[in-house]
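# Commentary on secondary and tertiary structure
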Amino acid sequence: MRPASAGSSAKQGPLPEAAPPALVTPQKSHGGDQAVKIIHLTDTHLVGFGTVHGADPAARLAGAVASINAEHGDAAHVIVTGDLTENGEAAAYARFAEEIAKLTMPVHLMLGNHDNPDAFRQIFPTAPCDDTGFTQSAIDTPQGRLLLLDTHLPGSHAGRYCEARRDWLARQLARPGPVMVFMHHPPFDIGIPSLDAIKLQEAEAFHAVLAPHKSRIRHLFFGHVHRALWGTWRGIPYSAMRGLNHQVGLNLTGPADRMLGNFEPPAYGVALITDDQVTVHLHDYADPSPDILL
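Now for a description of the structure that goes with this document. In this text, all values refer to a predicted model and were calculated from it rather than measured experimentally. (Residues numbered from 1 in each chain as written. Predicted model: local features only at pLDDT ≥ 70, side-chain atom pairs only at ≥ 80, totals over all residues. Heavy atoms only, no water.)

## Here we look at the pairing of strand S1 (residues 36-41)
Across the 6 residues of S1, 6 count as buried, placing the element largely inside the fold. Burial along S1 is two-sided: the face carrying Val-36, Ile-38 and His-40 and the face carrying Lys-37, Ile-39 and Leu-41 are both buried. Bridge count for S1 against strand S2 (residues 77-80) is 4 bridges, and the pairing is parallel. Following the sheet pairing, Ile-39 is matched in S2 by Val-78. For the segment spanning S1, helix H1 (residues 57-71) and S2, crossover handedness is right-handed. (Buried < 20%, exposed > 50% of the residue type's maximum accessible area, 1.4 Å probe, protein only. Helix = DSSP H or I, 4+ residues; strand = E, 2+ residues; numbered from the N terminus. Pairing = 2+ DSSP bridges. Right-handed = clockwise from strand over helix to strand, strands pointing away.)

The structure is reproduced here in structure tokens:
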């Protein structure tokens, strides 16, 4: 997403109350021998103090954390696919850390175009990185390996996956077995010109690394677009989730240099992964409507 302006005063919808603080237990995996549940959270856009576009991103994150703990305590992992903060300042990462630490399952953090790797490392000094210093890592699960990619490009809202990062990915893909890929920037157009202008650069070089292993790539998860998306890219299934603070409007004919947003409800993804299936649900956790018997 592009940098936010502070001028909007749009009213945000009702939000769940945050759960009481709980200890993070990163060593504990809730995944069984078969099904694995993964929560996909993205684009939280926290600031050290105040609001973004008139909405409170910390309150929305607190609501998501409360919902995940209450409804999906059996999740094996929570993956946050970047744009943890709005402006990349250490105070925003500290505020993000305070909220995300209340989750009761392992959490894995990734970087997006709004993030600042140096400020991120001040607050999360033990976050995994590869041998060249990029914030990317691999996680083994009973249903395949999760590859978390760093597409951050300093000074740009577009993404990049350079040769050093591609070499790391190639080494990970050389290992046998199924994989699922997580990244911030999509490597393809989604039909919204203002988002297509800031997708992953050098997408063909990125695809060339994936292509020999396409049959083993079970799913591609990404953020950045602040919209719920599902589809396939050259035979690879993908999905994206809404952001927490604000969304991008479905403007398929607008100019590439003008992005329009809105306050469609925040959501996170719930991926249910078994031997023969990957199912991704979108959860409107802030929906205030009561349950009804059907």
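## With respect to the packing of H1 against helix H2 (residues 90-100)
The contact between H1 and H2 brings their axes to 9 Å, and the two run at 20°. Put simply, H1 runs roughly parallel to H2. In this structure, the crossing between H1 and H2 has a hand that is right-handed. For the pair H1 and H2, contact is made by Ala-58, Leu-61, Ala-62 and Val-65 and by Arg-95, Phe-96, Glu-99 and Ile-100, respectively. Split into classes, the residues belonging to the contact of H1 with H2 amount to 6 nonpolar, no polar and 2 charged. (Axes fitted to C-alpha atoms, helices over the stretch in contact; angles between N-to-C directions. Parallel < 35°, antiparallel > 145°, perpendicular 65-115°, else oblique. Left-handed = near helix turned anticlockwise from the far one by under 90°. Contact = heavy atoms within 4.5 Å. Nonpolar A, V, L, I, M, F, W, Y, C, P; charged D, E, K, R; others polar.)

## A short note on the packing of aromatic side chains
For any pair of aromatic rings, the description consists of the separation of the ring centres together with the inter-plane angle of the planes. Taken as a whole and assessed by the stated rule, the structure comprises 11 aromatic pairs. Here Phe-182 and Phe-221 contribute two aromatic rings whose centre-to-centre distance is 4.4 Å and whose plane-to-plane angle is 5°, an arrangement assigned as stacked. Here Phe-221 lies in strand S7 (residues 217-222) and Phe-182 lies in strand S6 (residues 179-183), a separation of 39 residues in the sequence. Neither residue differs from the other here; Phe-182 and Phe-221 are each classed as buried. With centroids separated by 4.6 Å and ring planes inclined at 40°, the aromatic side chains of Phe-188 and Tyr-238 adopt a geometry described as tilted. Residue Phe-188 is located in the loop between S6 and helix H5 (193-196), and its partner Tyr-238 is located in strand S9 (residues 236-240); the two are separated by 50 residues in the primary sequence. On the basis of relative accessibility, which here comes to 8%, the residue Phe-188 falls in the buried class. Grouping aromatic residues by their ring pairs yields a cluster made of Tyr-161, Phe-188, Phe-206, Phe-222, Trp-233 and Tyr-238. Sitting over the face of the ring of Phe-134, Arg-165 holds its NZ or CZ atom 4.2 Å from the ring centroid. (Phe/Tyr/Trp six-rings, centres within 6.5 Å; stacked < 30°, edge-to-face > 60°. Lys NZ or Arg CZ within 6 Å of the ring centre and 35° of its normal.)

## Re the side chain of Thr-151
Topologically, Thr-151 is positioned in the loop between strand S5 (144-148) and helix H4 (163-173). Judged by relative accessible area, Thr-151 falls into the buried class, the value being 0%. Separated by 2.7 Å, the side chains of Thr-151 and His-185 make a polar contact. (Polar contact = N/O pair within 3.5 Å; in protein donor to acceptor, adjacent residues only side chain to side chain.)

## Brief notes about the side chain of Asn-113
Summarising the element assignment, Asn-113 is placed in the loop between strand S3 (107-109) and helix H3 (117-123). Here His-157 takes part through its side chain, which lies 2.8 Å from a polar atom of the side chain of Asn-113. One polar contact links Asn-113 to His-224, side chain to side chain, over a distance of 3.0 Å.

## A few points about the environment of Pro-237
Tracing the backbone through its elements, the reader meets Pro-237 in strand S9. Using a relative accessible area of 28% as the deciding quantity, one classes Pro-237 as partly exposed. For Pro-237, the residues in contact, after removing those within four places along its chain, are Ile-217, Arg-218, His-219, Leu-220, Gly-231 and Thr-232.

## Some details on H2
Restricting attention to buried positions, one finds in H2 the residues Ala-92, Tyr-93, Phe-96, Ala-97, Glu-99 and Ile-100. Seen from one end, H2 has its buried residues packed into an arc of 165°, which puts them on one side. Buried residues in H2 make contact with S1, H1, S2, S3 and H3. (Arc of directions from axis to C-beta.)

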